[in-house]
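Each chain, letter by letter, is given below.
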Amino acid sequence: MSTISLNHRQCEKTKLTPSTRNGYFLTEGFRGTNDAVIASMTTEFTELFHEFFGGECRHFTIDRDQPEVSL
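First things first, this report covers the structure right here in the doc. (Residues numbered from 1 in each chain as written. Predicted model: local features only at pLDDT ≥ 70, side-chain atom pairs only at ≥ 80, totals over all residues. Heavy atoms only, no water.)

1. As for the side chain of threonine 46
Structurally, the position occupied by threonine 46 is in helix 1 (residues 35–53). Overall, the relative accessible area of 14% leaves threonine 46 in the buried class. With residues up to four places along the chain from it excluded, the contact list for threonine 46 reads Cys57 and His59. (Helix = DSSP H or I, 4+ residues; strand = E, 2+ residues; numbered from the N terminus. Buried < 20%, exposed > 50% of the residue type's maximum accessible area, 1.4 Å probe, protein only. Contact = heavy atoms within 4.5 Å.)

2. Things to note about the pattern of salt bridges
On inspection of all chains with the given rule, the structure shows 1 salt bridge. Close ionic contact of arginine 58 with glutamate 56 constitutes a salt bridge, the shortest N to O distance being 3.6 Å. On the accessibility criterion, arginine 58 (53% relative accessible area) is exposed. (Salt bridge = Lys/Arg side-chain N within 4 Å of Asp/Glu carboxyl O.)

3. Some points on the packing of aromatic side chains
Under the counting rule described, the total for this entry stands at 4 aromatic pairs. Arranged with centres 5.5 Å apart and planes meeting at 50 degrees, the rings of phenylalanine 49 and phenylalanine 53 form a pair that is tilted. A residue pair is termed a helical-turn pair when its members lie 3 or 4 positions apart in one helix, as phenylalanine 49 and phenylalanine 53 do in helix 1 at 4 residues. Under the relative-accessibility criterion, phenylalanine 53 is labelled exposed at 64%. A connected cluster of aromatic rings, assembled from ring pairs, spans Phe25, Phe45, Phe49 and Phe53. (Phe/Tyr/Trp six-rings, centres within 6.5 Å; stacked < 30°, edge-to-face > 60°.)

4. Some words on helix 1
Think of an α-helix as 3.6 residues a turn; residues three or four steps apart then line up on the same face. Given a rise of 1.5 Å per residue, 19 residues ought to cover 27 Å, and the 26 Å separating the end C-alpha atoms of helix 1 matches this to within 8%. Buried within helix 1 are the following residues: Thr42, Thr46 and Phe49. Looking straight down helix 1, one finds that the buried residues subtend no more than 65 degrees of arc, so they occupy a single side. Exposed side of helix 1, more than 90 degrees from the buried face: Ala36, Val37, Glu47, Glu51 and Phe52 are the residues found there. (Expected span 1.5 Å × (residues − 1). Arc of directions from axis to C-beta.)

5. Things to note about a nonpolar patch on the surface
Taken together, the side chains of Leu16, Phe25, Met41 and Phe45 make up a nonpolar region of the molecular surface, amounting to roughly 370 Å² of accessible area. Checked against the element boundaries, leucine 16 lands in the segment before helix 1. (Patch = residues over 30% accessible without salt bridge, like charges linked within 9 Å, V, L, I, M, F, W, Y side chains within 5 Å. Areas by Shrake-Rupley, 256 points an atom, 1.4 Å probe, with all protein chains shown as cover.)

Keep in mind these values describe shape, not function.
Right under this line is the structure:
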């Protein structure tokens with residue numbers, strides 16, 4: 001599945017509100033090309049998320065070797 005088909009654009013259906021309890025954020029890259037950039041960005045995003053919103057963050061990598069995760 002391509003991320004183009006996911007609801008990740010700003011719209012009423014997918015927006016986060018004060019009553020939101022669960023959400024997901026996609027970070028895309030090319031394995032072996034920008035792994036360090038993706039890891040750094042994920043760490044920075046998690047730190048900012050905790051600073052401004054609190055809550056729990058979990059990271060998952062989906063790739064050819066691990067095509068799915070269970071939530």
